Amino acid sequence: MFLALRDLRHAKLKFGLISLIIFLIVFLVLFITGLAAGLASDNGAAISESPASGYVLQKGAENRFSRSTLTKTKAQQLAKKFKQATPLTIQQGTIQRAKDAAKKTDMAYFVVKQGSFIAPKSVSGQTLNTTGVVVSDKLKASGYRLGQKFKDSQSGVTLKIIGFTTAMTYSHTPVVYVTPNQWQKMMPQETQTVSALAVKQTTTTKPKLAGAHLVSKEAIIQNVPGYSAEQGSLDMMIAFLYIISVVVLAVFFYVITIQKIREFGVLKALGTKTSYLARYLIGEIGVVALLAVIIADIVVAALAQVMPAAMPFIISGQIILTTSLIFVVVAVLSAVVSLVKVARVDPNTAIGGAGE
Amino acid sequence: MTETLKLTNVVKYYQDGDARIEVLREVSLAVKPGEFAAVVGPSGAGKSTFLSIAGALLRPSEGQVYLAGQEITQLSQKQWTKIRLEQIGFIFQNSELIPYLTVMDQLCYMSVLARRKGQEKRAQELLTHLGLAKRLQQYPAALSGGERQRVAIARALMNDPQLILADEPTASLDSKRGREVVTMLRDEVHANQKAAVMVTHDERVLDLVDTVYQIEDGVLKKKD
């Protein structure tokens, strides 16, 4: 590290700029990772955070609630095959407050039996019962308060908020949990059907189900409208950022190495081993990358605290750490091309002056 | 007394298609401790090749190279690196100092490589002796050409090698500075009983050396 530290100190601007580039890339990767996680949560928190391990959907529903319909008798038959199973209906809709009829809010109805295992846990107010509905915390941003009444835009039925649960969302809209009784008033034509059956299963054996099939929670999330497309493009961006950073860093360090070829020749002639030069190069890159990554981590962690609610952003310490580690490894890997070059430098080039 | 550097019948040739280009022909030379030898000759005469072979940087095609009685001709690159570090001090043309090391660190680097601790005092003494006491914390860019070459002399002496090899040390200096540098080198060689070989085409400094060899078309001859 004798040479590395002194070179870093001497060429502060050069290494500072490289550090800045690594910082920007790491920051972007972490930012997109956080955004992807945030959007994923925003898209399917009501499913991913539900205690249900899977769902029984109508055959041919392609893992989508919107395409699945089970009659109540069918649902009851199917429910017998599981230890715990409860009917669930999901329907997207629009609500508005009586005072502010012009301002409508898109949301998703989750019709669940009060007291069933998929009934929401209230953070404030009462648990779900026939006197009113429990809604997602997200509705607070649209001005909805505990005890307030609102109207379902389609049916005109008025519902009262008796409790708030955590930020439960489905397809980027807040979830309103209603009981089957309330649902019947709103949708009198749909009294005989449910969307699916939420089940809790500990064994991995799949029971035989006529006209229906069991879908895992993960498969449901993947098929929430827009989820795969959204996560896919974000994952691709992250993958490309890794590739870009490897190439950019490899080119940078290669150019720096080329500039130092003569110097490496002299160092070797003086009796420096190639392994020492390799450690010097890797040490230099390691320090530059580590510094950039640490700064990026701090900035992202700070940013996560101040992101507005409208921009879902979730990042865990573990993800920050993993990403940082990958980046330092990637930076060191990018030095490999340069190391090959250094290994090939002939110490004899030091003799005979620059011209020969 | 064993010669510090001995070359016997050293030949170096390169194959160029069918033709064989001989750069050195049957070169023999011996330098004793405390002897300052110069090898002069026009460019292209084989001076650099001679110095590379003497400095464990290039393998001769034929002949033997001895350093302090030990034959080093067929040693591995790794062993050569160790020998260059511990037993040979190089002074290059244009000094070739490391741009990001201070004058002190140029010398300390040599002892770091050789894993010798607590050599700061020695570095300081060497530099003071060569008149660089005020330049210790400066970078090469801030030094004059003569000062840089003096730092290079100090660096070559740092690990207390038996042999000093100088490659055109006066090439980038005017005649006055060139003479100064060679005088300093001579004084160090004599005072510390080192063997030294200087390759040069600068005939004006030849009165300062003990032995002069002339090289022409790969043939080395002692000059009287």
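Keep in mind that what you see is a predicted model, and the values were worked out from it rather than measured.

Colleague: Lay out the overall build of chain A in plain terms, naming residues and giving numbers.
Modeller: Along the backbone of chain A there are 10 helices and 13 strands. C-alpha extents for chain A along the principal axes are approximately 95 × 50 × 25 Å. Counting over 356 residues, chain A shows a buried share of 48%. Residue pairs at least 24 apart in sequence account for 80% of intrachain contacts in chain A once pairs closer than 6 positions are excluded. Summed over its atoms, the accessible surface of chain A is roughly 17,000 Å², and 62% of this surface lies on carbon and sulfur atoms. Positive and negative charge centroids in chain A, built from 36 and 17 side chains respectively, lie 10 Å apart.

Colleague: Which residues make up the overall build of chain B, and what are the values?
Modeller: A tally of regular secondary structure across chain B gives six helices and 10 strands. The C-alpha radius of gyration of chain B comes to 17 Å, within 12% of the 17 Å expected for a compact globule of 224 residues. Its C-alpha atoms give chain B principal-axis dimensions of about 55 × 40 × 35 Å. Looking at chain B as a whole, 56% of its 224 residues qualify as buried.

Colleague: Outline the nonpolar core, supporting the account with residue identities and numerical values.
Modeller: L3(A), L5(B), L7(B), F50(B) and Y109(B) are the most contacted members of the largest nonpolar core, which has 95 residues in total. Look past the residues within four positions of L7(B) in its chain and what remains in contact with it is V27(B), S28(B), L29(B), F50(B), A54(B), Q64(B) and V65(B). Judged by nonpolar contacts, the second largest core, of 37 residues, contains I18(A), V26(A), F31(A) and A289(A).

Colleague: Can you lay out the interface of chain A and chain B for me, pointing to particular residues and giving the numbers?
Modeller: Counting from both sides, the interface comprises 27 residues of chain A and, opposite them, 26 residues of chain B. Regarding the contact of chain A and chain B, the summed buried area is about 2,500 Å², with carbon and sulfur atoms giving 63% of it. For the chain A face of the interface with chain B, the top three residues by lost area are F2(A), L270(A) and I351(A), together amounting to 27%. Between the two partners, chain A and chain B, sit two salt bridges. Two residues, R262(A) and E96(B), come together in a salt bridge whose shortest N-O distance is 2.6 Å. Seen at the junction of chain A and chain B, the total is eight residue pairs in polar contact (both at pLDDT 80 or more). The set of elements that each furnish at least two residues to the side of chain A that touches chain B consists of α1 (2-10), α7 (261-269) and α8 (274-306) of chain A.

Colleague: Can you lay out unusual backbone geometry for me, pointing to particular residues and giving the numbers?
Modeller: At E62(A), a position not held by glycine, the phi torsion is positive, near 50 degrees. Mapped onto the elements, E62(A) comes out in the loop between β1 (54-58) and β2 (70-71). With relative accessibility at 51%, the residue E62(A) sits in the exposed group. Unusually for a residue other than glycine, R115(B) sits at a positive phi of about 55 degrees. One can find R115(B) in the loop between α3 (103-113) and α4 (120-129).

Colleague: Talk me through the packing of aromatic side chains; I want residue IDs and the actual numbers.
Modeller: Residue and element names in this part refer to chain A. Throughout the structure, instances matching the rule amount to 15 aromatic pairs over all chains. Relative to F150, the ring of Y144 has its centre 5.9 Å away and its plane inclined at 90 degrees; by these criteria the two rings are edge-to-face. On the basis of relative accessibility, which here comes to 1%, the residue Y144 falls in the buried class. According to the relative accessible area criterion, F150 is buried, its value standing at 1%. Three or more aromatic residues link up through ring pairs in this structure, and these residues are Y55, F65, F110, Y170 and Y177. A cation over a ring is seen here: R6 above F2, with NZ or CZ 3.7 Å from the ring centre. A cation over a ring is seen here: R97 above Y144, with NZ or CZ 4.7 Å from the ring centre.

Colleague: Quick rundown of the confidence of the model for chain B? Include the residues and the values.
Modeller: For chain B, mean pLDDT is 93; residues scoring 70 or higher make up 100% of the total. Reported confidence for the predicted complex is 0.93 by ipTM and 0.78 by pTM.

Colleague: Report on a nonpolar patch on the surface, specifying residues and quantitative values.
Modeller: All names here are of chain A. Taken together, the side chains of M236, F240, I243, I244, V246, V247, V251 and V255 define a hydrophobic patch exposed on the protein surface, amounting to about 690 Å² of accessible area. Among the structural elements, V251 can be located in helix α6 (residues 227-259). According to the relative accessible area criterion, V251 is partly exposed, its value standing at 48%.

Colleague: Explain the packing of α7(A) against α8(A) to me, and be specific about the residues and the numbers.
Modeller: Residue and element names in this part refer to chain A. It is the contact of α7 with α8, at a shortest axis distance of 10 Å, that shows an interaxial angle of 135 degrees. Relative to α8, α7 is oriented oblique. You can see that α7 and α8 cross each other, and the crossing is right-handed. Together, E263, F264, L267 and K268 of α7 and T274, L277, Y280 and L281 of α8 make up the contact between the two elements. Looking at the contact of α7 with α8 residue by residue, the class counts come to five nonpolar, one polar and two charged.

Colleague: Hey, could you go over the packing of α8(A) against helix α9 (residues 317-333) of chain A for me, with residue numbers and the actual values?
Modeller: When two helices pack together, their arrangement is given by the angle between the helix axes and the distance between those axes. Residue and element names in this part refer to chain A. Interhelical geometry of α8 versus α9 gives an angle of 155 degrees and a closest axis separation of 9 Å. In terms of their interaxial angle, α8 and α9 are classed as roughly antiparallel. The handedness of the crossing between α8 and α9 comes out as right-handed. Along the contact surface, α8 presents I282, I285, A289, L290, V293, D297 and V300, while α9 presents I320, S324, F327, V328, A331 and V332.

Scoring rules and cut-offs
Each chain carries its own residue numbering, running from 1 in the written order of its sequence. Lettering of chains starts at A and numbering of ligands starts at 1, both following the order in which they are written. Owing to the predicted nature of the model, reporting of local features is limited to residues with pLDDT of at least 70; listing and counting of side-chain atom pairs is limited to 80 or more, with chain, interface and lining totals taken over all residues. In computing side-chain properties, one takes all heavy atoms of the structure into account and sets aside hydrogens as well as water. Helical segments are the DSSP runs of H or I of at least four residues, strand segments are the runs of E of at least two, and each set is numbered from the N terminus. Partly exposed describes any residue whose relative accessible area lies between the buried limit of under 20% and the exposed limit of over 50%, with all areas from a 1.4 Å probe on protein chains only and scaled to the type maximum. Residues are treated as being in contact if the distance between any of their heavy atoms lies within 4.5 Å. Surface accessibility in these figures is a Shrake-Rupley result with a 1.4 Å probe; residues are shielded only by whichever protein chains are displayed. Asp and Glu are treated as the negative residues and Lys and Arg as the positive ones, with His and the ends of the chain left uncounted. The atoms used to mark charge sites are NZ of Lys, CZ of Arg, CG of Asp and CD of Glu. The reference for a compact globule is 2.2 Å times residues^0.38; the radius of gyration itself is calculated from the C-alpha atoms. Buried Ala, Val, Leu, Ile, Met, Phe, Trp, Tyr and Cys residues form a nonpolar core when they are joined through side-chain atoms within 4.5 Å. Accessible area that two parts lose when put together, evaluated with a 1.4 Å probe and summed over both, is termed the buried area. Any carboxyl oxygen of Asp or Glu that lies within 4 Å of a side-chain nitrogen of Lys or Arg is treated as forming a salt bridge with it. In protein, a polar contact means a hydrogen-donor-capable atom and an acceptor-capable atom, both N or O and within 3.5 Å, with residues adjacent in sequence counting only if both atoms are side-chain atoms; elsewhere, any N or O pair within 3.5 Å suffices. Geometry of aromatic contacts follows a simple scheme: Phe, Tyr and Trp rings, the Trp one being its six-membered ring, pair when their centres are within 6.5 Å, and the pair is stacked under 30 degrees between planes, edge-to-face over 60, tilted otherwise. Our definition puts a charge over a ring when NZ of Lys or CZ of Arg is within 6 Å of the ring centre and also within 35 degrees of the ring normal. The predictor attaches a confidence to each residue, and that confidence, scored 0 to 100, is pLDDT. Exposure above 30% relative accessible area and the absence of a salt bridge qualify a residue for a patch, where like charges join within 9 Å and nonpolar side chains (Val, Leu, Ile, Met, Phe, Trp, Tyr) within 5 Å. All axes are obtained by fitting lines to C-alpha atoms, using only the stretch in contact for helices, and the reported angles, taken between N-to-C directions, cover 0 to 180 degrees. Should an angle lie under 35 degrees it is considered roughly parallel, over 145 roughly antiparallel, and from 65 to 115 roughly perpendicular; all remaining angles are considered oblique. Crossings are classed by handedness, with left-handed meaning an anticlockwise turn of the near helix from the far one by less than a right angle and right-handed meaning a clockwise turn. Gly falls in the polar group here, along with every residue not listed as nonpolar (Ala, Val, Leu, Ile, Met, Phe, Trp, Tyr, Cys, Pro) or charged (Asp, Glu, Lys, Arg).

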